[in-house]
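# Remarks on the overall topology
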Amino acid sequence: MILVALWFILLKFFSMEIDTAETVPAAGPPLYAVLGHPVAHSLSPQMQMAAFTACQIPARYLRIDVPPETLPATVQKLKSFAAPGWNCTLPLKNEMLTLVDEVDPSAQRLGVVNTVLNDAGRLIGFNTDGEGWMRAIREEFRMDVHDLRIMILGAGGAGRAVAVQAALERCERLVIVNRTFEKSQALVRELEPLMRTDKLMGSCARLAAIPWNDDAIAAEISNIDLLVNATSVGVISHDPLILPVRLLQPHLMVYDLIYRPAKTKLMEAAQEVGARGANGLGMLLHQGAAAFTIWTGISAPLDAMRTALLQACQSTR
Ligand code: ATR
């Protein structure tokens, strides 16, 4: 009993440290990790360790700080430790794509890898962000992305992941709004082949990029069901509200990819007008759950992972 307790204390200890490629101990349970630079903020260790523990799978999951120029050497080191898999966050997601032996279509579409499976020395790169977002929307609003008219604010990495998934799901409508208009236009051009349909949509374009201004957004929002904030605005506590409250309408579902604070400014604004809102914790959970399944082949213990995430959010506020 004491040994079991010690084991879990050790697991917890392993899940909290920040390592570098040099400090990762070779010996120990199978090694999983999140690689990033910086990586201290990542909640993946708490979430994934909760999953391994709940499923009684011996594992350690480390945070490894990887300056971009050291990524190839770190990947070699993980391979030499026979690490079964790892996650990858900013700014390493693009380069990771070039370091794997096989790229799953989920990563190919986005050009970025957030999950790697080490299949007996052969590395396969995946991206679970789009899938995670889609599952989160289903869970939060009991709606399928396929049935929704969606407006996405932001066309950076996160906006792209969400937009590609929405297009793959052949959502009813997709409107992309980005401060740098050319980026949303380029994304729309890329998505056009995925969204082609014979459906008649009346006067509304089924797929459109619109400029970032109140009039353009106001003109579209009555024909939108789901508004997604995929910009970085709101990450810092003194960031302004991403849209004026008067642009929001009660019929909207509002999904903010930001999850700290738990009630974001955009969620507060949604509540003020009587709309439903949710934060991005569900997306974080479901992209992590999808990664867990890729590594282990079993469905993820969502309740344990969610509890760990909520606790981690509270203790790292
Ligand atoms: P991430 O990977 O988190 O998506 P990113 O690729 O740097 O990060 O993208 C940040 C997104 O937030 C972009 O869509 C960015 O708009 P631009 O493409 O015009 O830079 C958006 N963004 C950042 N600050 C913004 C602001 N003050 N107002 C509106 N959009 C903003």
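Thresholds, definitions, all that
Residues numbered from 1 in each chain as written. Predicted model: local features only at pLDDT ≥ 70, side-chain atom pairs only at ≥ 80, totals over all residues. Heavy atoms only, no water. Buried < 20%, exposed > 50% of the residue type's maximum accessible area, 1.4 Å probe, protein only. Helix = DSSP H or I, 4+ residues; strand = E, 2+ residues; numbered from the N terminus. Pairing = 2+ DSSP bridges. Phe/Tyr/Trp six-rings, centres within 6.5 Å; stacked < 30°, edge-to-face > 60°. Core = buried A, V, L, I, M, F, W, Y, C linked by side-chain atoms within 4.5 Å. Expected span 1.5 Å × (residues − 1). Near = heavy atom within 4 Å. Polar contact = N/O pair within 3.5 Å; in protein donor to acceptor, adjacent residues only side chain to side chain. Areas by Shrake-Rupley, 256 points an atom, 1.4 Å probe, with all protein chains shown as cover. 1 Å grid on protein atoms, 1.4 Å probe; cavity = no way out; pocket = protein on both sides within 12 Å on 5 of 7 lines; lining within 4 Å. Sits in = over half its atoms within 2 Å of the grid points. Points joined across faces, edges and corners; volume = space filled by probe spheres on them. Nonpolar A, V, L, I, M, F, W, Y, C, P; charged D, E, K, R; others polar.

## A few points about the pairing of strand β6 (residues 115-119)
Walk down a regular strand and you will see the side chains alternate between the two sheet faces. Extensive coverage of β6 is indicated by the burial of four of its five residues. Across three bridges, strand β4 (residues 85-88) lies against β6 in antiparallel orientation. Counted as the bridge partner of Asn87 is Thr115 from β6. In this antiparallel pair of consecutive strands, β6 and strand β7 (residues 122-126), the connection spans two residues, and Ala120 shows a positive phi of 50°.

## Remarks on the packing of aromatic side chains
Tallied over the entire structure, the rule returns four aromatic pairs. Ring geometry for Tyr32 and Trp295: centres 5.2 Å apart, planes at 50°, overall tilted. Of this pair, Tyr32 sits in strand β2 (residues 31-36) while Trp295 sits in helix α11 (residues 281-296), placing them 263 residues apart in sequence. Across the pair, exposure class does not vary: Tyr32 and Trp295 are buried alike. Relative to Trp295, the ring of Tyr61 lies with its centre 6.2 Å away and its plane at 50°, an arrangement referred to as tilted. A residue pair is termed long-range when its members are at least 10 positions apart, and Tyr61 in strand β3 (residues 60-65) and Trp295 in helix α11 qualify at 234 residues. The buried category is assigned to Tyr61, whose relative accessible area is 0%. In this structure Trp295 comes out as buried when scored by relative accessible area, which is 8%.

## A word on helix α2 (residues 44-54)
Of all eleven residues making up α2, nine are buried, and the element is well covered by its neighbours. Residue Gln56 follows α2 closely and has a positive phi angle near 55°.

## Looking at the nonpolar core
Membership of the largest hydrophobic core comes to 34 residues, with the highest contact counts inside it found for Trp133, Ile150, Leu174, Leu191, Leu226, Val228 and Tyr255. Mapped by element, the contributors of at least two residues to this core are α6 (129-141), β8 (149-153), α7 (157-168), β9 (173-178), α8 (181-195), β11 (226-229) and β12 (253-256). Membership of the second largest hydrophobic core comes to 25 residues, among which are Leu43, Phe52, Leu284 and Trp295.

## Notes on α11
Taking 1.5 Å per residue, 16 residues should reach 22 Å; α11 reaches 22 Å between its end C-alpha atoms and fits that length. The element α11 is largely enclosed, with a buried count of 13 among its 16 residues. Within two residues after α11, Gly297 carries a phi angle of roughly 75°, on the positive side.

## Let's talk about the site of the ligand
Taken together, the neighbourhood of the ligand is formed by 13 residues, with Ala158, Asn178, Arg179, Thr180 and Lys183 sitting nearest. With respect to the ligand, the backbone of Gly156 contributes an N or O atom lying 3.3 Å from an oxygen atom. Here an oxygen atom of the ligand and a side-chain polar atom of Lys183 are 2.6 Å apart. Protein contact buries 67% of the 640 Å² of open area that the ligand shows by itself. More than half of the atoms of the ligand fall within 2 Å of the grid points belonging to the largest pocket.

## Brief notes about the layout of surface pockets
Roughly 1500 Å³ of internal volume is contained in the largest pocket. Around the largest pocket, the lining is made up of 43 residues, and of these Thr89, Leu90, Lys93, Ala158 and Val235 lie nearest the centre. Contributions of two or more residues to the lining of the largest pocket are made by β4, α4 (93-99), α7 and α11. At four residues, the largest contribution of residues to the lining of the largest pocket is made by α7. Partitioned by chemical class, the residues of the lining of the largest pocket number 20 nonpolar, 17 polar and six charged.

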